[in-house]
Amino acid sequence: MQIKNLNSWKWLDYNELESTNDEALRLSENEDKLIVTSKVQTKGKGRLGRKWESFDGNLFMSILMTWSMSENNALVFIISVALQQTVKKILPQANVKIKWPNDVLVNDKKISGILIEAREQGKVVIGIGVNIKKSPQGENIIYPTTSLFEEGINIDRVDFMKNFISSFEEIKDVYLKKGMAEIIKIWQAEAKGIGEKIKIKLLNNEKIGVFKGIDNNGRLILDISDNTEVFNAGDVFFTRKKN
Ligand code: BT5
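The shown structure was predicted, so the numbers you read here are calculated from the model rather than taken from an experiment. (Residues numbered from 1 in each chain as written. Predicted model: local features only at pLDDT ≥ 70, side-chain atom pairs only at ≥ 80, totals over all residues. Heavy atoms only, no water.)

Enquirer: Tell me what's going on with the pairing of strand β8 (residues 123–130), and back it up with residues and numbers.
Expert: Of all eight residues that make up β8, eight are buried, and the element is covered over most of its length. Side chains of β8 alternate between two faces, with Lys 123, Val 125, Gly 127 and Gly 129 and Val 124, Ile 126, Ile 128 and Val 130 buried alike. Where strand β4 (residues 59–66) and β8 come together, eight bridges link them in antiparallel fashion. Following the sheet pairing, Met 65 is matched in β8 by Val 124. With eight bridges connecting them, strand β7 (residues 109–119) and β8 associate as antiparallel partners. Bridge pairing links Ile 114 to Ile 128 in β8. Where β7 hands over to β8, the hairpin turn is made up of three residues, of which Gln 121 adopts a positive phi near 60°. (Buried < 20%, exposed > 50% of the residue type's maximum accessible area, 1.4 Å probe, protein only. Helix = DSSP H or I, 4+ residues; strand = E, 2+ residues; numbered from the N terminus. Pairing = 2+ DSSP bridges.)

Encoded structure:
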């Protein structure tokens, strides 16, 4: 493992970990501003106990920082905007959009995922996986996938990470100065499917309706016939191909 610094962050880069999130959580008692990355990740975690396929050369990163629990909703949107902007800078010709709440899509395929885990004492771990070199295919993959390499760009995971951290710090400043409304505005401008018919899969059922945007808490607003419903969690699927 190598100990480095990146801007004002302490950065630990491992050769192999089961999960960068687990390592950051383990270190959270004694650290409060830390980035954990690993060249190889053997047990990457997705949301809801799912698996994150972690191919060598891809980016596995966890950010540990102090963040007020009451503002956790904002974090998902700050991070997804920062990721979308980083990918867009690298792939300016591509259609780069955010899929609610926080996946980045390139030409309608998922390139990254975010898993936020909160700790007591106001600390939070933000896990970010980006398919840099290779993306998984197959039956267990619920949404089409891609990688930067498959989209024609050969970039190193560390270069991507450095770009992302700058972008994250910029967007975090926008939030601190202007608040959630501004973040929602930027997020909605980059989100896929607003105004369109979408399907949201919940744990036990699914709903179809028109995606109206997100409310101040980041909940998805869906118009279903004459009703408006809001959702905290779920997997979104689009009925139209292009946005
Ligand atoms: C996520 O979950 O998208 C959050 C992924 C977070 C991974 C990072 S890597 C660094 C840090 N350390 C960890 O242990 N985790 C974080 P979710 O929305 O539940 O998506 C998972 C689903 O996406 C899986 O069930 C698959 O269908 C699909 N999937 C798995 N691996 C993928 C990949 N590499 N690219 C695209 N889709 C994938």
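Enquirer: Outline the sheet that holds strand β9 (residues 197–201), supporting the account with residue identities and numerical values.
Expert: Strand order across the open sheet formed by five strands is β12-β11-β10-β9-β13, with antiparallel pairing between neighbours. In this open sheet, the two edge strands, each paired with only one partner strand, are β12 (227–231) and β13 (235–238). Direction aside, neighbouring strands of the sheet carry axes that sit 45° apart on average. Bridge analysis of strand β10 (residues 206–214) against strand β11 (residues 220–224) gives four bridges, and the strand direction is antiparallel. (Axes fitted to C-alpha atoms, helices over the stretch in contact; angles between N-to-C directions.)

Enquirer: Account for the packing of helix α2 (residues 72–90) against helix α4 (residues 180–190), with residues named and values stated.
Expert: Look at α2 against α4: their axes get within 10 Å of each other, and the N-to-C directions meet at 45°. The angle between α2 and α4 places the two elements in the oblique class. Between α2 and α4 lies a crossing of left-handed hand. Mapping the contact onto sequence places Asn 73, Ala 74, Phe 77, Ile 78, Ser 80, Val 81, Gln 84 and Gln 85 in α2 and Met 180, Ile 183, Ile 186, Trp 187 and Glu 190 in α4. (Parallel < 35°, antiparallel > 145°, perpendicular 65-115°, else oblique. Left-handed = near helix turned anticlockwise from the far one by under 90°. Contact = heavy atoms within 4.5 Å.)

Enquirer: Give me the lowdown on the domain arrangement of the protein, citing residues and values where you can.
Expert: Partitioning the protein into domains gives domain 1 (2–190) and domain 2 (197–238). Here the C-alpha centre of domain 2 lies 24 Å away from the C-alpha centre of domain 1. With 14 residues of domain 1 at the interface, the matching set in domain 2 holds 18 residues. Across the domain 1/domain 2 interface, buried area totals approximately 1300 Å², and carbon plus sulfur atoms make up 61% of it. By the criterion of area lost to domain 2, the three top residues of domain 1 are Lys 99, Trp 100 and Ile 184, representing 43% of everything that side buries. Where domain 1 packs against domain 2, one counts two salt bridges. Among the salt bridges present, the one from Asp 235 reaches Arg 50, with a minimum N-O distance of 2.4 Å. At the junction of domain 1 and domain 2, the tally comes to five residue pairs in polar contact (both at pLDDT 80 or more). Elements that contribute at least two residues to the side of domain 1 that touches domain 2 include exactly α2 and α4. Residue contributions to the side of domain 1 that touches domain 2 peak at five residues, all from α4. Grouping the constituent residues of the side of domain 1 that touches domain 2 by class yields nine nonpolar, two polar and three charged. (Domains from an automatic or database assignment. Buried area = accessible area lost by both parts, 1.4 Å probe. Salt bridge = Lys/Arg side-chain N within 4 Å of Asp/Glu carboxyl O. Polar contact = N/O pair within 3.5 Å; in protein donor to acceptor, adjacent residues only side chain to side chain. Nonpolar A, V, L, I, M, F, W, Y, C, P; charged D, E, K, R; others polar.)

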